[in-house]
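# What the coordinates show
Spelled out, the chains give:
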Amino acid sequence: MPVPPADVAKLFATFDGSTAAYQSLSRTLDAATAEWPELRVAVLSTCTAEVLQPFLVVEGARRGLRLKPWFGPFGQIEQQVLDPRSALFAFKPDIVWVFARLEDWAERELLQFAALEDAARAELRDSIIKRITAVTEAARRNTSASLLWCNFAPPRLPGVMSAPGLCDGRSLTAFCNALNEEMSRAIALVAGAWTFDLARTISQCGASRWTDSRMALLARIPFSTDGAIALSRALTRVLRAVLMPPRKCLVLDLDNTLWGGVVGEVGAAGIKLGDSFPGNAYVALQKAALALRNRGVVLAVASKNNEAEALEALAHPDGILRPGDFAAMEIHWEDKATSLRRIASKLNIGTDALAFFDDSATEREWVRAQMPEVGVIEVPASPADYGAALEDSEMFDAPLITVDDLRRAEMYQQQEQRRALQQTSGSVDDFLMSLDMKVQVGPVNTETMERVAQLIAKTNQFNLTTRRYTHAELSSMIDAGAVALWMRVTDRFGDNGLTGAIIALPEDDTGLWRVDTLVLSCRIIGRNIETGLLGVLCSEVAKRGAHTLKGEYLPTAKNELVKDFYPRHKFAADDSDGRLWRRSLLPLDSFTIPSYLHLTYAE
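Remember, predicted model here, so these are calculated numbers, not experimental data.

Cut-off values and rules
Residues numbered from 1 in each chain as written. Predicted model: local features only at pLDDT ≥ 70, side-chain atom pairs only at ≥ 80, totals over all residues. Heavy atoms only, no water. Pairing = 2+ DSSP bridges. Helix = DSSP H or I, 4+ residues; strand = E, 2+ residues; numbered from the N terminus. Axes fitted to C-alpha atoms, helices over the stretch in contact; angles between N-to-C directions. Left-handed = near helix turned anticlockwise from the far one by under 90°. Contact = heavy atoms within 4.5 Å. Nonpolar A, V, L, I, M, F, W, Y, C, P; charged D, E, K, R; others polar. Phe/Tyr/Trp six-rings, centres within 6.5 Å; stacked < 30°, edge-to-face > 60°. Buried < 20%, exposed > 50% of the residue type's maximum accessible area, 1.4 Å probe, protein only. Lys NZ or Arg CZ within 6 Å of the ring centre and 35° of its normal. Core = buried A, V, L, I, M, F, W, Y, C linked by side-chain atoms within 4.5 Å. Polar contact = N/O pair within 3.5 Å; in protein donor to acceptor, adjacent residues only side chain to side chain. Salt bridge = Lys/Arg side-chain N within 4 Å of Asp/Glu carboxyl O. Right-handed = clockwise from strand over helix to strand, strands pointing away. Expected span 1.5 Å × (residues − 1). Domains from an automatic or database assignment. Parallel < 35°, antiparallel > 145°, perpendicular 65-115°, else oblique.

## Overview of the sheet that holds strand β3 (residues 95-99)
With respect to topology, five strands assemble into an open sheet ordered β2-β1-β3-β4-β5, the strand pairing being parallel. Both edges of this open sheet fall to β2 (66-71) and β5 (193-196), since each of them pairs with a single strand only. The sheet shows a mean angle of 25° between the axes of neighbouring strands, taken without regard to direction. In this sheet, strand β4 (residues 146-150) lies alongside β3 in parallel orientation, the contact comprising four bridges.

## Thoughts on the packing of helix α2 (residues 19-32) against helix α3 (residues 53-62)
To characterise two packed helices, one gives the angle between the axes of the helices and the distance between these axes. Packing of α2 against α3 brings their axes to within 8 Å, and their N-to-C directions diverge by 65°. For the crossing formed where α2 meets α3, the hand is left-handed. Here α2 contributes T19, Y22, Q23, L25, S26 and L29 to the contact with α3, which in turn contributes Q53, P54, F55, V57, V58, E59, A61 and R62. Taken together, the residues that form the contact of α2 with α3 break down as eight nonpolar, four polar and two charged.

## Quick notes on the packing of aromatic side chains
Scanning the model with the defined rule gives 14 aromatic pairs in all. Seen in terms of ring centroids, W97 and F99 are 5.7 Å apart; in terms of plane orientation they differ by 35°. Their pairing is tilted. On the basis of relative accessibility, which here comes to 1%, the residue F99 falls in the buried class. Here Y282 and Y386 contribute two aromatic rings whose centre-to-centre distance is 6.1 Å and whose plane-to-plane angle is 80°, an arrangement assigned as edge-to-face. Of the two residues, Y282 sits in helix α15 (residues 279-294) while Y386 sits in helix α19 (residues 386-392), which places them 104 residues apart along the sequence. One aromatic cluster is present, formed by F12, F15, Y22 and F55 through successive ring pairs. Over the aromatic face of F91 sits the side chain of R40, whose NZ or CZ is 4.4 Å from the ring centroid. Stacked on the ring of W105, the Lys or Arg R131 has its end atom at 4.0 Å from the ring centre.

## A short note on the nonpolar core
L52, W97, L231 and L239 are the most contacted members of the largest nonpolar core, which totals 45 residues. Here the element with the most residues in this core is helix α13 (residues 225-243); it accounts for seven residues. Not counting the four nearest positions on each side in its chain, L52 is found in contact with F71, W97, F223, A228, L231 and S232.

## Concerning the environment of E330
Along the chain, E330 turns up in strand β8 (residues 328-332). As a C-alpha pair, E330 and I343 span 13 residues in sequence and 7.3 Å in three-dimensional space. Of the polar contacts made by the side chain of E330, one reaches the side chain of H332; its length is 2.8 Å.

## Quick look at the pattern of salt bridges
It is possible for side chains bearing opposite charge to pair when their charged atoms get close. All chains considered together, the criterion is met by 44 salt bridges. In this structure, D118 engages R170 in a salt bridge whose closest nitrogen and oxygen atoms are separated by 2.5 Å. Of this pair, D118 sits in helix α8 (residues 118-142) while R170 sits in the loop between β4 and α9 (172-188); the two residues are 52 residues apart in sequence, bridging distant segments of the chain. Here E365 and R368 are joined by a salt bridge, their closest N and O atoms 3.5 Å apart. Separated by three residues within a single helix, E365 and R368 lie in helix α18 (residues 361-370), roughly one turn from each other. Judged by its relative accessible area of 47%, E365 is partly exposed. The structure contains a network of salt bridges with shared partners spanning E59, R62, R63, R233, R240 and E394.

## Some words on the sheet that holds strand β11 (residues 437-443)
In spatial order, the strands read β16-β17-β15-β14-β13-β12-β11-β18; together these eight strands make up an open sheet with mixed pairing. Of all the strands in the sheet, the pair left with one neighbour each is β16 (572-573) and β18 (597-601). Inspection of the sheet shows strand β15 (residues 548-552) paired to strand β17 (residues 580-584) by five bridges, in the antiparallel sense. Across the sheet, residue G551 finds its bridge partner in β17, namely W581. The sheet contacts of helix α21 (residues 408-424) involve β12 (483-491) and β13 (494-506), and relative to β13 the element is tilted by about 100°.

## A look at the pairing of strand β1 (residues 38-45)
Of all eight residues in β1, six are buried, a share of seventy percent or more. The pairing of β1 with β2 spans six bridges and is classified as parallel. Residue R40 lies in a different strand from β2, and its bridge partner there is K68. At this point the chain moves from β1, through α3, to the parallel β2, and the crossover so formed is right-handed.

## Here's the deal with α15
For α15, built from 16 residues, the straight-helix expectation of 22 Å at 1.5 Å per residue is met to within 8% by its first-to-last C-alpha distance of 23 Å. Within α15 the residues assigned to the buried category are G279, A281, Y282, V283, L285, Q286, A289, L292 and R293. Looking one or two residues past α15, G296 carries a phi angle of roughly 115°, positive in sign.

## Brief notes about the side chain of H471
Tracing the sequence through the fold places H471 in helix α24 (residues 471-479). With near-sequence residues (within four places) excluded, H471 lies in contact with A191, G192, M449, E450 and A453.

## A few points about the domain arrangement of the protein chain
Segmenting the protein chain into domains produces domain 1 (6-243), domain 2 (249-392) and domain 3 (436-601). For domain 1 and domain 2, the distance between their C-alpha centres works out to 37 Å.

## Considering the side chain of R125
Here R125 shows up in helix α8. Among the residues examined, R125 registers a relative accessible area of 19% and is labelled buried. Engagement of the side chain of R125 in a polar contact is seen with the side chain of E182, the distance being 2.8 Å. Ignoring anything within four residues of it in the chain, the contact list for R125 reads F175, A178, L179 and E182.

## Considerations on the packing of α3 against α13
The geometry of α3 relative to α13 is characterised by a closest axis approach of 9 Å and an angle of 45° between their N-to-C directions. When the interaxial angle is binned, α3 and α13 end up oblique. Crossing handedness for the pair α3 and α13: right-handed. Together, F55, L56, E59 and G60 of α3 and T225, A228, I229, S232, R233, L235 and T236 of α13 make up the contact between the two elements.

Right under this line is the structure:
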C-alpha cells in the first residue's frame, strides 16, 4: 500500500468529517497527490450519484489512491455498457462500479410483492440475474477494467410488507438474500468482476441513517451525508483490496496485547485470560488473530520478554494461540525494529509485508520512525476494542481467498523442515536432489487466473519487471495471443502451491517474442526452478512460430536478486544498461533443465 506523503497526512490532521470539509479537501488533494498514479473510476447508477465525488476522492486519498471519478448519465447502465463508442469507454476506466437499486429495476413487481406466487418470484429473480449477466459480459467484451456490482439491499417500500421485524422465507429480505447469492455466483464467472456488498454497507451504517427521504424525492439521491461517507469508505476500501496486496504477516506483542498483565511480574498463572473481562477481551483478540491465520495471514511474535516465561504463558489453558501457530518468534530484550527485520528475513518476505500490533504507543512510534514501510496498527486504549482494531486496520483485506492462501501457515511450517534439511546436507546440489521436487507447469485458465493475478501483485523480489495485472487484464492478454503459464511445486515435505508464473507476448510477426512477466514466490527461491519454467515457455512459444525470445529486466529497490537471470540463462545483452536481453530458441534442446527437477506439463 502506498503511504500517503507527509503533506497529505497533514491535510487530514485538521479534517473534521463535515460535508464542507470533504468538498474543500477534495479540491486541495488534487495538487497534493499529483504524483500519485491516477485511478479512473466510472460510476453507473440508477440514482443520482454525482454527489459522491468529493467523498470518493477524500476517502481514496486516505487509502493511498488518487481517484478520478466519472459519473454516467442517470439510469443509463445498459446504454453505456452495450455501446463500444459510449462515453463510458471513451473515459477509459480502470474500475467500473455499477449501482443499480432493486426498486429502480423492478418497482412494479415489488409493489405487488406480497401477492406474488413462488413461480413469479423465481421468474423475477431469474430476469434480474440475466440482466446483470448480460451487462457484465458486455462490459468485459469492451474493457479490461475491473467490474464492481452492488448487490441489493431490501428496499423500504411502505405498505408492501407487514411486521418488518419478522423474516420468513417469503419476505422481501429473504428474496434479496437469495438474489444476492445467485448474483455473486454469476458475477464470479466473469474475469475481473466482483460483487460489492452494498447490503452490508447499509446495515453497518444503519438504514435510518443511510436514507435521506427528502433528497430521494427531490433529487433521486437515496443516501444521506452519513450514507455517502459510509458508501465511499466501503468502496475505496474494496478498491484498495482489489488493486493492492494485503500485508502477509501480523506481528504481535505479548504482554498486555495477547494477554493482560506482564508475565515476568505475575507469572503465567497470573496473566488475564478467561471468560470474564478483561481476560475475555484478550481471548477475543487471539481468536481474531487465529481467524486471520486460517485465511492465510502468517503470525509472528515480537516481544521484550524472557523466552521461557513467554512460552509458558502461550500454553495458558484459557488461551487460543499456541507456539505452533506462529511462523517466527523474536522473544528477547532487543528493540522491536530489530525483531521485525529478523522476522522478515526468516520468512523471506519484505518488511513492507509486515503489520505490527503492540499495545505500547512508544513501541509503535519507534517502529514508525525506524521502519516507515511497516504497517503499524493503531491500538485502542481498551482491550475490548483490540479485535475490531485488527479488522478496521484494513491491512489484511483481499478480494478473494485462494486455496494457497488457506495453506500458507502449513507451508511455512514445511519451510522450516526444508531449512533443517539444508543445514545437514553436504552441498546445495545434494540438498536440491534430496528434496525430490516435482514441478508441474500449465497454461493459465479460469481456475488459476485469480491466484496468478495475486502472485503477480504480491511478488517483489523475484519479479523481473514488476508489472501488475488484474484478473481481467490477464484474461485480455491471453485472448490477444499471450502465452501465460503457471507453475506448482511439490517436494518431500509437501505442496508449495502455485508459486510461479510467466507471460510472453509476440513482439511482431517475424518470430520475435518478449517475456513480459516472470514471478516466483519467495518460498521457492534458490532452487533453480525458474529454469524449468523458462524452458517450458520456450517450448510453448516455439510451437507458435517463435524463433527468438527477448527478455526485460526492470530494476527496482527490491528485485536486485534477479538482475543476472538472463545472462545466467545464456541470453545476450541487447542494450548497454542490462535491461534488454535476447536468445535464439533454435535449437530448443540447447536449453538444459536441471536433472533434480521432475517436470511435467499439464495441457
